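Reading the structure
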Amino acid sequence: MSGYAAVVLTGGAARRLGGVDKPGLPIGGRPMRDRVLAAVADATPRIVVGPGTVPVPAGVRLTREEPAGGGPVAAVAAGLALLPPDTTTVALLAGDLPLLTATAVGELRRALAADPGADGVCPIDADGRRQSLCGLWRAAPLRTAVDRLTVDRGGTLAGASVRALLTGLTVAELRWSGAGPPPWFDCDTDDDVRRAEEWTR
């Protein structure tokens, strides 16, 4: 699938972790953000949206949502703004997914390619919850969704929810059947960080 890019969202207050730079926390000796970027190493470009407190790896672009701290949808818009016009698909990923792998992303890419009627594909967990920030999207309908929501909200995306962004999009759901921990496992608490560390040993 040509025209494949990735946008990694690294903002957020991380209140349950004491306000630390959560994507910068090391898991298995590497920052979570860098582990996510490694899972999409074949994407071009790779864009990180968030505070520039830590240098990004070589070849990765860094930008910030407007306004700073405006939430995930504002961050999505900032990332999309840097994508080349010929981008056809974009992985949209939270920056705190330390167990995400290239294999899992490959499954999402194959699932989207096999479903021409879908605007995107996301894994779902055992309880049927959609993991929207661990998904792959067609760039055109995602841009349209951002534009629609911007108009609906009077020109600002600050505080908008991901659910509102994806309303109206056709989303395929993929059950994870691989071995090991789920690739969408995120780290919101100290216990989550400890579990992820154990899984990477």
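This is a predicted model, so every value here is computed, not measured.

**As for the environment of Glu 66**
Here Glu 66 lies in the loop between strand E5 (60-63) and helix H2 (72-80). Spatially, the C-alpha atoms of Glu 66 and Ala 126 are 35 Å apart, while their sequence positions differ by 60 residues.

**Brief notes about empty space enclosed by the protein**
Applying the stated criterion across every chain yields a total of one cavity of 30 Å³ or more. Roughly 50 Å³ of internal volume is contained in the largest cavity. In terms of lining, the largest cavity is formed by Leu 100, Ala 104, Val 105, Glu 107, Leu 108, Pro 123, Cys 134, Leu 174, Trp 176 and Pro 183. A per-element tally of the lining of the largest cavity places helix H3 (residues 102-113) first, with four residues. The class makeup of the residues in the lining of the largest cavity is nine nonpolar, no polar and one charged.

**Things to note about the nonpolar core**
Core analysis: the largest hydrophobic core is formed by 27 residues, its most contacted members being Val 7, Trp 137, Leu 142 and Leu 165. If you list the elements that add at least two residues to this core, you get strand E1 (4-9), strand E4 (46-49), H2, strand E6 (89-94), helix H4 (139-152) and helix H5 (162-166). Top element by residues in this core is H2. It accounts for six residues. Leu 142 has contacts with Leu 80, Val 90, Leu 92, Trp 137, Leu 165, Leu 166 and Leu 169, leaving out every residue within four places of it along the chain. Ranked by size, the runner-up nonpolar core spans 25 residues in total, among them Ala 91, Leu 97, Ala 118 and Val 121.

Reading guide: rules and limits
- Residues numbered from 1 in each chain as written.
- Predicted model: local features only at pLDDT ≥ 70, side-chain atom pairs only at ≥ 80, totals over all residues.
- Heavy atoms only, no water.
- Helix = DSSP H or I, 4+ residues; strand = E, 2+ residues; numbered from the N terminus.
- 1 Å grid on protein atoms, 1.4 Å probe; cavity = no way out; pocket = protein on both sides within 12 Å on 5 of 7 lines; lining within 4 Å.
- Points joined across faces, edges and corners; volume = space filled by probe spheres on them.
- Nonpolar A, V, L, I, M, F, W, Y, C, P; charged D, E, K, R; others polar.
- Core = buried A, V, L, I, M, F, W, Y, C linked by side-chain atoms within 4.5 Å.
- Buried < 20%, exposed > 50% of the residue type's maximum accessible area, 1.4 Å probe, protein only.
- Contact = heavy atoms within 4.5 Å.

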